Amino acid sequence: MVGMFVMGARAYLDMRTIPEGANEIGVQSSKWSWSMDYGRGTYHPELHLLVNEPVKLTMQSSDVIHSLYIPAFRAKKDVVPGRYNYMWFHPTKVTEKVSDKELAEATKWTEESATAWDYDKWQFTPDGYRFYDLYCAEYCGQDHSQMQTVVVVHETREDLDAWIKKYSSRGSDTLEAYGEKLYARRGCIGCHTVDGTSGTGPTYKDAFGTPRKLANGETVVMDENYVRESILVPKAKVVAGFQPVMPSYKGQLSDDDLDSLVAYIKTLSANAEVASDASAEEATEDETE
Ligand code: HEC
Ligand SMILES: [Cu+2]
């Protein structure tokens with residue numbers, strides 16, 4: 001019994017201890033699909049990994065309990081609404097690319113028949129990679145059985161990066177430039193001006209790095225954390241003199257999107273540099289708490 005316990009405990013600890021420096025991918029599950037967040041504004045239903053590199057998945061659910069299951073990796077973990085769950089693995093086998101000819105034929109067939117890509121029929125992805133299956137292993141409602149996607153293991157970092165870039169919404173934009181686009185595209189522009197006049201919400205002009213008076217009487221300096229929180233949980237800190245009408249963007253903006261918005265809001269303030277020093281100090285304080 002003791003022997004079995006030791007062996008079991010070892011395997012369990014190995015499974016639970018995420019190696020440092022593991023690549024991170026965000027996983028959002030919802031009825032009935034998966035969305036992987038690769039940063040740089042790339043969301044994609046397929047899970048793409050690099051061979052021989054440990055990867056950590058940070059998983060959340062926007063509705064019910066799902067379970068991420070990759071039979072080929074012997075890996076399974078629940079994805080629970082309202083909390084982050086983690087899992088990691090170390091892929092060791094590359095999934096091959098099919099020939100250009102094979103890919104061209106399948107692409108042509110799919111276009112002509114005007115259907116969605118049929119992974120089962122072709123056994124490779126629309127980019128020509130063979131794959132492992134990924135399922136939801138928790139009965140989560142009507143289309144539970146459709147809640148599947150694929151895992152691709154790339155041979156080189158360049159190949160993986162090229163794939164991520166292909167699906168990136170930011171592309172080659174800088175954070176600041178992309179932040180400005182998001183400001184318009186995601187509707188912030190409807191409530192926030194950049195010229196100093198107040199709209200439904202406060203203006204961004206010279207806001208970053210300055211103290212903000214809150215409705216509850218407190219004062220906080222606008223730093224990166226404050227901006228992130230304002231976007232994800234607007235009601236956490238309501239600015240004095242404004243109605244709490246800002247919608248939450250939780251689950252709708254990637255980390256990269258948030259970084260872009262922060263970077264853009266920073267460019268609009270003469271006080272931005274002072275603030276980043278202050279927030280760095282605050283961050284170390286938080287850690288010691
Ligand atoms: C429907 C109007 C509305 C939209 C759309 C909106 N906001 Fe807001 N926002 C507000 C209001 C009102 C406040 C002030 C009350 C509060 O803090 O919730 C605010 C507060 C903020 C603050 C804190 C401002 C300060 O001066 O301290 C930030 C940062 C912010 N919003 C960013 C954004 C971003 C980024 C977007 C777009 C992704 C966005 N908002 C979309 C209405 C909106
Ligand atoms: Cu599910």
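Residues numbered from 1 in each chain as written. Chains lettered and ligands numbered in written order. Predicted model: local features only at pLDDT ≥ 70, side-chain atom pairs only at ≥ 80, totals over all residues. Heavy atoms only, no water.

Participant: Looking at this model, I keep getting lost on the coordination of the iron atom of ligand 1. Mind explaining?
Facilitator: Coordination angles at a metal have ideal targets, namely 109.5 degrees for four tetrahedral donors and 90 or 180 degrees for six octahedral donors. Around the iron atom of ligand 1, the donor atoms from the protein are His 192 (NE2) and Met 246 (SD), and they sit 2.0 to 2.1 Å away. Taken together, the 6 donor atoms coordinating the iron atom of ligand 1 span angles of 87 to 178 degrees at the metal, a pattern that classifies the geometry as octahedral. Remark: Met 246 occurs in the loop between α6 (224-232) and α7 (255-267) and His 192 occurs in the loop between α5 (175-185) and β11 (211-213); sequence separation between them is 54 residues. On the basis of relative accessible area, His 192 is assigned to the buried category, the value being 12%. For Met 246, a relative accessible area of 27% translates into the label partly exposed. (Donors = N, O, S within 2.8 Å, 3.2 Å for Na, K, Ca; no water. Tetrahedral: all angles 85-135°; square planar, octahedral: opposite > 155°, others 65-115°. Helix = DSSP H or I, 4+ residues; strand = E, 2+ residues; numbered from the N terminus. Buried < 20%, exposed > 50% of the residue type's maximum accessible area, 1.4 Å probe, protein only.)

Participant: Would you mind going over the UniProt feature "domain: Cytochrome c" (unreviewed entry) in the protein with me for this structure?
Facilitator: Taking the UniProt record as the reference, the feature "domain: Cytochrome c" (unreviewed entry) is found at residues 174-269. The span residues 174-269 is 34% helix and 6% strand, and its two end C-alpha atoms sit 18 Å from each other. (UniProt positions renumbered as here; feature names shortened; annotations may be inferred.)

Participant: Could you clarify how one ought to interpret the side chain of Asp 223 in this entry?
Facilitator: Within the fold, Asp 223 resides in the loop between β12 (219-221) and α6. One buried charged residue, Asp 223, remains without a salt bridge, the closest side chain of opposite sign being Lys 237 at 7.9 Å. For Asp 223, the side chain forms a polar contact with the main-chain nitrogen of Tyr 226, separated by 2.9 Å. (Lys, Arg positive; Asp, Glu negative; His and termini not counted. Salt bridge = Lys/Arg side-chain N within 4 Å of Asp/Glu carboxyl O. Polar contact = N/O pair within 3.5 Å; in protein donor to acceptor, adjacent residues only side chain to side chain.)

Participant: Please clarify how the site of ligand 1 should be interpreted in this entry.
Facilitator: Around ligand 1, the surrounding shell holds 24 residues, and the nearest of these are Cys 188, Cys 191, His 192, Tyr 226 and Met 246. Measuring from a nitrogen atom of ligand 1, one finds a side-chain N or O atom of His 192 at 2.8 Å. At 3.4 Å from an oxygen atom of ligand 1 is found a main-chain nitrogen or oxygen belonging to Pro 234. Top element by residues in the shell around ligand 1 is α6. It accounts for 3 residues. Looking at the shell around ligand 1, its residues break down into 16 nonpolar, 6 polar and 2 charged. (Near = heavy atom within 4 Å. Nonpolar A, V, L, I, M, F, W, Y, C, P; charged D, E, K, R; others polar.)

Participant: Teacher, can you tell me more about the UniProt feature "domain: Cytochrome oxidase subunit II copper A binding" (unreviewed entry) in the protein here?
Facilitator: Annotation from UniProt places "domain: Cytochrome oxidase subunit II copper A binding" (unreviewed entry) at residues 20-166. What you have in residues 20-166 is 19% helix and 36% strand, and the ends, taken at the C-alpha atoms, are 28 Å apart.

Participant: Would you explain the sheet that holds strand β7 (residues 75-79) in this entry?
Facilitator: Sheet strands associate in pairs through backbone hydrogen bonding, adopting either a parallel or an antiparallel arrangement. Ordered in space as β4-β10-β9-β6-β7, the 5 strands form an open sheet in which the pairing is mixed. Looking along the sheet, the strands with just one partner apiece sit at the ends: β4 (47-50) and β7. Adjacent strand axes in the sheet meet at a mean angle of 20 degrees, parallel and antiparallel pairs treated alike. Packing of helix α4 (residues 157-166) onto the sheet brings it into contact with β4 and β10 (148-154), and relative to β4 it is tilted by some 155 degrees. (Pairing = 2+ DSSP bridges. Axes fitted to C-alpha atoms, helices over the stretch in contact; angles between N-to-C directions. Contact = heavy atoms within 4.5 Å.)

Participant: Looking at this model, I keep getting lost on the coordination of the copper ion (ligand 2). Mind explaining?
Facilitator: For the copper ion (ligand 2), the full set of protein donor atoms is His 66 (ND1), Cys 136 (SG), Cys 140 (SG) and Met 147 (SD), at a range of 2.0 to 2.6 Å. Coordination at the copper ion (ligand 2) is tetrahedral: its 4 donor atoms span angles of 90 to 125 degrees at the metal. Within one chain, the residues serving as donors to the copper ion (ligand 2) are arranged as H-x69-C-x3-C-x6-M. Of the two residues, His 66 is situated in strand β6 (residues 66-70) and Met 147 in the loop between β9 (132-136) and β10; the sequence distance between them amounts to 81 residues. Given the relative accessible area of 1%, Met 147 is considered buried.

Participant: So what exactly am I meant to see when it comes to unusual backbone geometry here?
Facilitator: In most cases, non-glycine residues show a negative phi, while peptide bonds are predominantly trans. Here the amide bond leading from Lys 31 into Trp 32 is cis, since omega sits at -5 degrees, within 30 degrees of zero. Following the sequence through the fold, Trp 32 ends up in the loop between β1 (23-30) and β2 (33-37). Unlike most non-glycine residues, Gln 123 shows phi in positive territory, near 60 degrees. Turning to its location among the elements, Gln 123 is positioned in the loop between α3 (119-122) and β9.

Participant: Please clarify how the packing of aromatic side chains should be interpreted in this entry.
Facilitator: Geometrically, a pair of aromatic rings is defined through the distance of the ring centres and the angle of the planes. Tallied over the full model, the rule gives 11 aromatic pairs. Taking 5.6 Å as the distance between ring centres and 75 degrees as the angle between the ring planes, the aromatic pair formed by Trp 109 and Trp 122 counts as edge-to-face. Of this pair, Trp 109 sits in helix α2 (residues 100-113) while Trp 122 sits in helix α3, placing them 13 residues apart in sequence. Given a relative accessible area of 38%, Trp 109 falls into the partly exposed group. The structure contains a cluster of three or more aromatic residues connected by ring pairs, namely Trp 109, Trp 117, Trp 122 and Phe 124. One Lys or Arg, Lys 121, reaches over the ring of Trp 122 and ends 5.0 Å from the middle of that ring. (Phe/Tyr/Trp six-rings, centres within 6.5 Å; stacked < 30°, edge-to-face > 60°. Lys NZ or Arg CZ within 6 Å of the ring centre and 35° of its normal.)

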